[in-house]
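# Examination of the molecular architecture
This is what each chain is made of:
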Amino acid sequence: MGADPERRFEELYESSYRLLLGYALRRCPDPDDAADVVAETFMVAWRRIEAVPQGDEARLWLFGVARKVLANHRRGELRHERRTAALRAQLAASPLVAELPGEEPSQLGQVFRALPEGDRELLALVAWERLSPGEIAKVLGTSANVVRVRLYRARKRFARRLAEAGVHHSRAVAFEGSRL
């Protein structure tokens, strides 16, 4: 084997990338998954560059690695699909997310859903998750002062929209009672 593993890897990559990508594309329904399979194959080759055979055997070795990576990828997808199905079944049975058929959200709920996403997230973190501005700052990766200012503005916008919709403060007590 040559003394320069980087050069050896570059040669393997240049001579085999297109072949491996074609192999993966023919076996993966999503091109992004195929790219992941090829990337993982070359990561294995880099980590085990000393074990990669010389000549045409290297190409065959890479196909063998790609085959194993693809099998691992498929097993991972199956595990993910099973966990997702189990979680969906759990959530469907949860009273927290179950909605009565045909029931419209309350006027308060409609106003809340009409708020910008950022406002809804802040208000929900305070009201439903019961997080303090300092805790929200950690979740959002910002400072507590920024959260306080954004929360103040979100509350003002929510209150203004509630008033515009004719929802009075006393009708919003359930929501308000959760530290909004």
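Note that this is a predicted model, so its numbers are computed, not measured. All residue numbers here refer to positions counted from 1 along the written sequence of the relevant chain. Only residues with pLDDT of at least 70 get local features here, since the model is predicted, and only at 80 or more are side-chain atom pairs given and counted; chain-wide, interface and lining totals rely on the full set of residues. Derived side-chain values reflect all non-hydrogen atoms in the structure, with water molecules and hydrogen atoms excluded from consideration.

## So, the packing of helix H1 (residues 5–25) against helix H2 (residues 31–47)
Packing of H1 against H2 brings their axes to within 10 Å, and their N-to-C directions diverge by 150°. Considering their axes alone, H1 and H2 lie roughly antiparallel with respect to each other. Viewed along their axes, H1 and H2 form a crossing whose handedness is right-handed. In this structure, H1 uses Pro5, Glu6, Phe9, Leu12, Tyr13, Ser16, Tyr17, Leu20, Leu21, Ala24 and Leu25 to contact H2, whose residues at the interface are Pro31, Ala34, Val37, Val38, Thr41, Phe42, Ala45 and Trp46. Among the residues forming the contact of H1 with H2, the class breakdown is 16 nonpolar, two polar and one charged. For helices, the fitted line uses only the C-alpha atoms of the stretch in contact; every axis is such a line through C-alpha atoms, and the angle between N-to-C directions lies from 0 to 180 degrees. Per the convention used, a helix needs a DSSP run of H or I reaching at least four residues, while a strand needs a run of E reaching at least two, with both numbered from the N terminus. Each angle is binned into one of four classes, with values under 35 degrees roughly parallel, values over 145 roughly antiparallel, values of 65 to 115 roughly perpendicular, and all other values oblique. Left-handed describes a crossing whose near helix is turned anticlockwise from the far helix through less than a right angle; right-handed describes the clockwise counterpart. Contact criterion: two residues are considered in contact whenever any of their non-hydrogen atoms come within 4.5 Å of each other. Each residue is assigned to one class: nonpolar for Ala, Val, Leu, Ile, Met, Phe, Trp, Tyr, Cys and Pro, charged for Asp, Glu, Lys and Arg, and polar for all the others, Gly among them.

## What to know about the side chain of Arg8
Relative to the elements of secondary structure, Arg8 occurs in helix H1. Partly exposed describes any residue whose relative accessible area lies between the buried limit of under 20% and the exposed limit of over 50%, with all areas from a 1.4 Å probe on protein chains only and scaled to the type maximum. Positive residues here are Lys and Arg, negative ones are Asp and Glu, while His and the chain termini are left out of the count. Definition used for salt bridges: Asp or Glu carboxyl oxygen within 4 Å of a side-chain nitrogen of Lys or Arg. No salt bridge is formed by the buried Arg8. Its closest oppositely charged neighbour is Glu11, at 5.4 Å. One polar contact links the side chain of Arg8 to the main-chain carbonyl oxygen of Val52, over a distance of 2.9 Å. Nitrogen and oxygen atoms within 3.5 Å of one another constitute a polar contact, given that in protein one can donate a hydrogen and the other can accept it, and given that sequence-neighbouring residues count only through two side-chain atoms.

## Overview of the nonpolar core
As used in this record, nonpolar core signifies buried Ala, Val, Leu, Ile, Met, Phe, Trp, Tyr and Cys residues forming a set joined through side-chain atoms within 4.5 Å. Grouped together as the largest cluster of nonpolar side chains are 21 residues, with contacts concentrated most on Leu12, Leu20, Val37, Phe42, Val52, Trp61 and Leu62. Secondary-structure elements contributing two or more residues to this core are H1, H2 and helix H3 (56–93). In terms of residue count, the dominant contributor to this core is H3 (seven residues). Grouped together as the second largest cluster of nonpolar side chains are 18 residues, Ala124, Val126, Ile136 and Val147 included.

## So, unusual backbone geometry
Within the chain, Arg130 stands out as a residue other than glycine whose phi angle is a positive 55°. By relative accessible area, Arg130 is classed as partly exposed at 45%.

## Focus on the packing of aromatic side chains
The rule is short: rings of Phe, Tyr and Trp, with Trp giving its six-membered ring, pair when the centres are within 6.5 Å, and they are stacked under 30 degrees, edge-to-face over 60, tilted in between. This structure, assessed with the given rule, holds eight aromatic pairs. On the basis of an interplanar angle of 55° and a centroid distance of 4.8 Å, the ring pair of Tyr13 and Phe42 is categorised as tilted. Of this pair, Tyr13 sits in helix H1 while Phe42 is found in helix H2, placing the two residues 29 residues apart along the sequence. Its relative accessible area of 5% is what places Phe42 among the buried residues. With centroids separated by 5.9 Å and ring planes inclined at 75°, the aromatic side chains of Phe112 and Phe158 adopt a geometry described as edge-to-face. Of this pair, Phe112 sits in helix H4 (residues 107–114) while Phe158 sits in helix H7 (residues 144–164), placing them 46 residues apart in sequence.

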